[in-house]
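Structural overview
As a plain string of letters, each chain reads:
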Amino acid sequence: MLRPPLRARRERGETEVRKRQRIDRYFSIMAESADMERLLEAFRKFAVHGDTKATGKELNGKNWAKLCKDCKIIDGKNITGTDVDIVFSKVKQKTSRVITYEEFHRALEELAPKRFKGQSKEEALRSISTLVEGGEPSNVGVTKVAKTAAVDRLTDTSRYTGSHKERFDESGKGRGREGREELVENTGYVGAYRNAGTYDTKMKAEK
């Protein structure tokens, strides 16, 4: 079998290389697009944090600082809280108190080389973007119920005594007003008397 001419083989090889490069470039673009979407999603989550009227299109200084802290951009070594405040003031409009998504990008570009020293500009930007992508505000200060034996004892209504015991039925459900107040019953018996109605039964038994 005759082999194709050298030129034809070389052209075929170049065609295969270009094809692979085109496929690799396609997947690279798709991956970058997905990463950018996750970055935008993080921006929006921090933009609306603590403000029910926020549109998610602008980020104020307080939430920018929180983003840098929660996403570990602030490491206390290369990047401090002062650094992120300075960059915020640098990228925002002079009279504005917020930054847009584009200005947010510029802020990351400003911080990237300082946060990731030793990396190229592109690598540093990629690294700092990775920290933010998919991030969301942490709920610092939210009180959680402790699961301890002491708490279990305090919330176990079967162990209550005295007037506290009267506030709950056998299943632990609160009795409401009935458990808090002595409701008047027109039976002739004192409210706290527990043997109401037993006299007639006792007399019948004796007969």
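Preceding this section is the structure that the text describes.
The structure displayed is predicted, hence computed values, not measured ones. (Residues numbered from 1 in each chain as written. Predicted model: local features only at pLDDT ≥ 70, side-chain atom pairs only at ≥ 80, totals over all residues. Heavy atoms only, no water.)

Turning our eyes to something else, we now look at helix 4 (residues 101-115). The terminal C-alpha atoms of helix 4 lie 20 Å apart, and with 15 residues this matches the ideal 21 Å at 1.5 Å per residue to within 8%. Residues Y101, E103, F104, H105, A107, L108, L111, A112 and R115 constitute the buried set of helix 4. (Helix = DSSP H or I, 4+ residues; strand = E, 2+ residues; numbered from the N terminus. Expected span 1.5 Å × (residues − 1). Buried < 20%, exposed > 50% of the residue type's maximum accessible area, 1.4 Å probe, protein only.)

With that out of the way, let us pick up the side chain of D83. One can find D83 in helix 3 (residues 81-91). Judged by its relative accessible area of 16%, D83 falls in the buried class. There is a polar contact of 2.8 Å between the side chain of D83 and the backbone nitrogen of T80. For D83, the residues in contact, after removing those within four places along its chain, are N78, L111 and K114. (Polar contact = N/O pair within 3.5 Å; in protein donor to acceptor, adjacent residues only side chain to side chain. Contact = heavy atoms within 4.5 Å.)

Glancing now at the packing of helix 3 against helix 4. Viewed as axis vectors pointing N to C, helix 3 and helix 4 meet at an angle of 140°, and their least axial separation amounts to 9 Å. Taken together, the axes of helix 3 and helix 4 lie oblique to each other. Considering how the two elements wind past one another, helix 3 and helix 4 form a crossing that is right-handed. Along the contact surface, helix 3 presents D83, V84, V87, K90 and V91, while helix 4 presents E103, R106, A107, E110, L111 and K114. Looking at side-chain class alone, the contact of helix 3 with helix 4 contains five nonpolar, no polar and six charged residues. (Axes fitted to C-alpha atoms, helices over the stretch in contact; angles between N-to-C directions. Parallel < 35°, antiparallel > 145°, perpendicular 65-115°, else oblique. Left-handed = near helix turned anticlockwise from the far one by under 90°. Nonpolar A, V, L, I, M, F, W, Y, C, P; charged D, E, K, R; others polar.)

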